[in-house]
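Remarks on the overall topology
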Amino acid sequence: MAPGLSTASVTPIARASHHATSTSSNGTCNGSSLNDRSEVRNGMVSTDFLIIGAGPAGASLACFLGSYGFKGIMISSAPGTANTPRAHITNMAALECLRDIGIDEDLAKVACKGEEHMVHTRWCHSMAGEEYGRIYSWGNDPRRKGDYEMASPCQPMDLPQTLLEPVLVRHAAMSGFTTRWKTTLLSFAEEPGNGLIIATVRDDISGMVFQICTRYLFGADGARSQVVKQLNLPLAAKPGQGLAMNVLVKADLSHLVEYRKGNLHWVMQPDRDHPDFGWMGIVRMVKPWNEWMFILFPTREYDFSSKQPSMEEYLQRVHDFIGDDTPAEIIDVSRWFINETVATEYSRGNVFCLGDAVHRHPPLNGLGSNTCIQDAFNLAWKIAYVHQGIASPSLLSSYSVERQPVGQSIITRANQAFRDHFNIWESLGMFHENKEDRSKALQELTDATPQGQKRRRDLQKAISHTCHEFHGLGVEMGQRYTGSGIFYGDEPHGYVRPNKAAEDEVLYYEPSTYPGCRLPHVWLNKAIPGKPVSSIDLAGHGCFTLFTGIGGESWRVSAQKVAHILGIPLQVYSIGYRQDWEDVYFEWQRLRGVDESGAVLVRPDRFIAWRAQEAFDSAEACEEKLTEVMKHILGR
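Values in this document were obtained by computation on a predicted structure and should not be read as measured data.

**Digging into the side chain of Asn-378**
- By the secondary structure assignment, Asn-378 is in helix α9 (residues 368–387).
- Judged by relative accessible area, which is 1%, Asn-378 ranks as buried.
- Here Glu-402 takes part through its side chain, which lies 2.9 Å from a polar atom of the side chain of Asn-378.
- Excluding residues within four positions of it along the chain, Asn-378 makes contact with Tyr-399, Glu-402, Arg-403, Tyr-481, Arg-603 and Asp-605.

**Here's the deal with the pattern of salt bridges**
- Evaluation of the coordinates by the stated rule reveals 33 salt bridges.
- Of the charged contacts, one joins Asp-537 and Arg-99 as a salt bridge, the two residues approaching to 2.8 Å between their closest N and O atoms. You can see Asp-537 sitting in helix α17 (residues 535–538) and its partner Arg-99 sitting in helix α2 (residues 92–99), a full 438 residues away along the chain.
- Taking the shortest distance from any N to any O, the salt bridge between Arg-590 and Glu-587 comes out at 2.7 Å. Linking Arg-590 with Glu-587, this pair stays in helix α19 (residues 587–591), spanning three residues, or about one helical turn.
- The exposure class assigned to Arg-590 is exposed, which follows from its relative accessible area of 53%.

**Points about the pairing of strand β9 (residues 131–136)**
- Both strand β8 (residues 120–124) and β9 contribute to a ladder of five bridges, which runs antiparallel. Each bridged residue has a counterpart across the sheet, and for Trp-123 the counterpart in β9 is Gly-133.
- The antiparallel hairpin formed by β8 and β9 contains six residues in its connecting segment.

**Brief notes about the packing of α9 against helix α10 (residues 397–420)**
- Direction vectors running N to C along α9 and α10 enclose 170 degrees, while the axes themselves pass 10 Å from each other. It follows from the interaxial angle that α9 and α10 lie roughly antiparallel. Contact residues: Thr-371, Gln-374, Asp-375, Asn-378, Leu-379 and Lys-382 in α9; Ser-398, Tyr-399, Glu-402, Arg-403, Val-406 and Ile-410 in α10.
- Here the contact of α9 with α10 is composed, by residue class, of four nonpolar, four polar and four charged.

**Structural notes on the sheet that holds strand β28 (residues 570–574)**
- Strand order in the open sheet formed by four strands is β28-β27-β29-β30, and the pairing between neighbours is mixed. In this open sheet, the two strands that pair with only one neighbour each are β28 and β30 (608–612). Strand-to-strand twist in this sheet, taken as the mean axis angle between neighbours without regard to direction, amounts to 15 degrees.
- Pairing analysis gives three bridges linking strand β27 (residues 544–548) to strand β29 (residues 599–602), with the strands arranged antiparallel. Within the sheet, the bridge partner assigned to Thr-545 lies in β29 and is Val-602.

**Details of the sheet that holds β8**
- Ordered by their spatial adjacency, seven strands build an open sheet running β9-β8-β17-β18-β19-β16-β20, and the pairing between neighbours is mixed. Of all strands in the sheet, those bounded by a partner on one side alone are β9 and β20 (329–337). Pairwise comparison of adjacent strand axes, ignoring direction, gives a mean angle of 20 degrees for this sheet.
- Sheet analysis places strand β18 (residues 280–287) next to strand β19 (residues 291–297), joined by seven bridges and oriented antiparallel. Within the sheet, the bridge partner assigned to Met-280 lies in β19 and is Phe-297.

**A word on the packing of helix α1 (residues 56–66) against helix α6 (residues 161–174)**
- Packing of α1 against α6 leaves a shortest axis separation of 8 Å and a crossing angle of 30 degrees. When the interaxial angle is binned, α1 and α6 end up roughly parallel. Our pair here, α1 against α6, has a crossing hand that is left-handed. Seen from α1, the contacting residues are Pro-56, Ala-59, Ser-60, Ala-62 and Cys-63; seen from α6, they are Gln-161, Leu-164, Glu-165, Leu-168, Val-169, His-171 and Ala-172.
- Grouping the amino acids of the contact of α1 with α6 by side-chain chemistry returns eight nonpolar, three polar and one charged.

**Some points on the domain arrangement of the protein**
- According to the domain assignment, the protein consists of domain 1 (40–83 + 159–235 + 342–412), domain 2 (417–478) and domain 3 (499–634).
- Summed over both partners, the interface of domain 1 with domain 3 comes to about 980 Å²; 56% of that surface belongs to carbon and sulfur atoms.
- It is Trp-381, Tyr-385 and Ile-390 in domain 1 that bury the most area against domain 3; as a group they hold 51% of the surface buried on that side.
- Where domain 1 touches domain 3, the interface holds one salt bridge.
- Residue Arg-603 pairs with Glu-402 through a salt bridge whose shortest N-O separation is 2.8 Å.
- The dominant element in the side of domain 1 that touches domain 3, judged by the number of residues it contributes, is α9, at six residues.
- Class assignment of the residues belonging to the side of domain 1 that touches domain 3 gives a composition of seven nonpolar, three polar and two charged.

**Section: unusual backbone geometry**
- Here the residue pair Pro-288 and Trp-289 is connected by a cis peptide bond, since its omega of -15 degrees sits within 30 degrees of zero.
- As for its position among the elements, Trp-289 is in the loop between β18 and β19.
- One non-glycine residue, His-541, adopts positive backbone phi at about 55 degrees.
- Position of His-541 relative to the elements: it lies in the loop between α17 and β27.
- Overall, the relative accessible area of 6% leaves His-541 in the buried class.
- In this structure, Arg-578 takes a positive phi of about 60 degrees despite not being glycine.
- Mapped onto the elements, Arg-578 comes out in the loop between β28 and α19.
- The class of Arg-578 is partly exposed, set by a relative accessible area of 48%.

**Notes on a nonpolar patch on the surface**
- On the surface, Trp-523, Val-584 and Tyr-585 cluster together to form a nonpolar patch covering roughly 310 Å² of accessible area.
- Structurally, the position occupied by Val-584 is in the loop between β28 and α19.
- Judged by relative accessible area, Val-584 falls into the partly exposed class, the value being 37%.

**Things to note about a negative patch on the surface**
- On the surface, a cluster of negative charge is contributed by Asp-595, Glu-596, Glu-614 and Asp-617.
- Residue placement: Glu-614 occurs in the loop between β30 and α20 (619–634).
- Given a relative accessible area of 44%, Glu-614 falls into the partly exposed group.

**Quick look at the packing of aromatic side chains**
- Taken as a whole and judged by the stated rule, the model has 33 aromatic pairs.
- Both rings, one in Trp-266 and one in Phe-297, keep their centres 5.8 Å apart while their planes meet at 5 degrees; by these two values the pair is stacked. Of the two residues, Trp-266 sits in strand β17 (residues 264–267) while Phe-297 sits in strand β19, which places them 31 residues apart along the sequence.
- Grouping aromatic residues by their ring pairs yields a cluster made of Phe-49, Tyr-68, Phe-70, Tyr-216, Phe-218, Tyr-346, Phe-352 and Tyr-399.
- The lysine or arginine in question, Lys-526, covers the ring of Trp-581, its NZ or CZ lying 4.1 Å from the ring centre.

Reading guide: rules and limits
Counting from 1, residues in each chain are numbered in the order their sequence is written. With pLDDT at 70 or above as the cut-off, local features in this predicted model cover only qualifying residues; side-chain atom pairs require 80 or more to be listed or tallied, and sums for whole chains, interfaces and linings still use all residues. With hydrogens and water set aside, each side-chain value is computed from the structure's full complement of heavy atoms. Strands are runs of DSSP state E lasting at least 2 residues, helices are runs of H or I lasting at least 4, and numbering of each runs from the N terminus. For each residue, the accessible area found with a 1.4 Å probe, counting protein chains only, is set against the maximum for its type, and the residue is called buried under 20%, exposed over 50%, and partly exposed in between. The definition of a polar contact used here is a pair of N or O atoms within 3.5 Å, where within protein one atom must be able to donate a hydrogen and the other to accept one, and adjacent residues in sequence count solely through side-chain atom pairs. Residue contacts follow a heavy-atom distance rule, with two residues in contact if any of their heavy atoms lie within 4.5 Å. Here, a salt bridge means any Lys or Arg side-chain nitrogen found within 4 Å of an Asp or Glu carboxyl oxygen. One bridge is not enough; two strands pair if DSSP finds at least two bridges between them. Lines fitted to C-alpha atoms define the axes, with helix axes restricted to the stretch in contact, and inter-axis angles between N-to-C directions lie between 0 and 180 degrees. The scheme is simple: roughly parallel for angles under 35 degrees, roughly antiparallel for over 145, roughly perpendicular for 65 to 115, oblique for anything else. Here the nonpolar group is Ala, Val, Leu, Ile, Met, Phe, Trp, Tyr, Cys and Pro; Asp, Glu, Lys and Arg are the charged ones; every other residue, Gly included, is treated as polar. What makes a crossing left-handed is the near helix being turned counterclockwise from the far one by less than a right angle; a clockwise turn instead makes it right-handed. Domains are outlined according to an automatic or database domain assignment. Each of two parts loses accessible area, computed with a 1.4 Å probe, when they are put together; buried area is these two losses added. Only residues whose relative accessible area exceeds 30% and that take part in no salt bridge are eligible for patches, with like-charged residues grouped when within 9 Å of each other and nonpolar side chains (Val, Leu, Ile, Met, Phe, Trp, Tyr) grouped when within 5 Å. Note that accessible areas follow from Shrake-Rupley with a 1.4 Å probe, and for residues the cover is restricted to the protein chains shown. Under the counting rule used here, the positive set is Lys and Arg, the negative set is Asp and Glu, and His together with the chain ends is not counted. Taken as the charge centre is NZ of Lys, CZ of Arg, CG of Asp or CD of Glu, depending on the residue. Whether two aromatic rings pair depends on their centres lying within 6.5 Å, for rings of Phe, Tyr and Trp, where Trp uses its six-membered ring; planes under 30 degrees apart make the pair stacked, over 60 edge-to-face, and the rest tilted. By definition here, charges over rings are those cases where NZ of Lys or CZ of Arg is within 6 Å of the ring centre and within 35 degrees of the ring normal.

What follows is the structure, encoded as structure tokens:
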């Protein structure tokens, strides 16, 4: 439970009993039994949890598993945490996951705040030069601020991967996960008869090859995942959209940003000659305002296999994009492919894949590391409940069922966001082959002619449409799960996306308590007001949570019995006038979707598992129904 929360709840097992012994079938590795600690027996390392990859997916999974008291091993072929910024936008959905275990406060200390640094996305001739247009971004549009504030107790932040990963890895280590760098997974195999997995790994410093025996193996090893490759998970891939280069630069641009605040600046110079390796690009803030990522997009004709730009050529392009004589130093150059790939299944047996291993896409919409973290959060509580014998292993099958459609949706959205920029490039004349035609098209934007008017209208429309990328609250927060991990049996009607979200499911998030939806965020307080508490913070923390209201006392009694009989960590809160928590803004009443005496059951990952419109005639009937629901969800 979060610090400082009132305990009008039933919690028979704290965080699913952190140090509980697994009640799964006893397995052995060369005669040694597995426990929560990593051990070396008979020359083989034994652990219950082996994570391959220590990026946002793997490291956050280690943190979430560690919050249940589990200990394990995380290996990475990298020499350490990320040495280039890579992912940077951290959205509210991911922050809610990290908030569940208290990491969000550590991240806020090193992140850039949205209202100060993420105000705009811009299109310009250079950082110092003329601007073509701009759009509010990441919750800073005055017309959208309320949508963001109503959606979550968290706020979007700019958090480069170089700052995110160390916090996650440090927290994982403090929670009991040992991290080994420069250690490569070579292969793995299931041990006959007991389902345990033997992973063969190599210490890349010494060259020593050794084996790790584990009950669960997690493939969080990125876009070239060895785990996905060996499992032969089917991948649905569309043709790639080319290559891009990340050029990490030290340059103090603080003199330019006062009236240009934003963390993304698209630079296009149609009236100038350009090198084929960087015909246009994005200047992305890394650290305000002296570290930047220059993302260069080559022409399709450019062949990197036959010609490599020199550092001098890269530096010249950086100076072109800055547009004045600001000194600049290149720190690093790397490449990445614009992929549109998703695995059609995420797991087999006790091997689970997550993050970029199973969904690969460009960084537009800022969905990459955020989806990795949410994959881990969804998976961790299920692993914990099964490992402790609270749930049947069948619960684990819901991981792929729930998260794969999310992966499919985010790779589609990110690539569509990239394609949406084509219209901007077209309106600025970037697609013309020669400079004269490009210059003419750019000049036409100022002409008092029908052609000029059309070009201005096209540019305005194209830039405005990027709100689907920079204010895509619906695609960030509006996921809905289906499958066996949700109980729909008491719903009279199928799910209908409400209000604005029905008009545009990418832009708008409409909270709902329909089973499978995210728990709505509302601010609650006491009759004698104190510090407000979000409904988000009442739920989660490794427990199921049941929300009811006036007249729902029978749910509290029933929950206590069901929790005791089934051994389930289950909290109960009554929300309403003079109840455990006061619905001070009447938002819960608007969103709860049930009568005052009804019940809304929330899973440990804060998704709605089930709801009842009202209390039944007797506590016995409530207990019977709640038992049925819990057994269905947990596969018991």
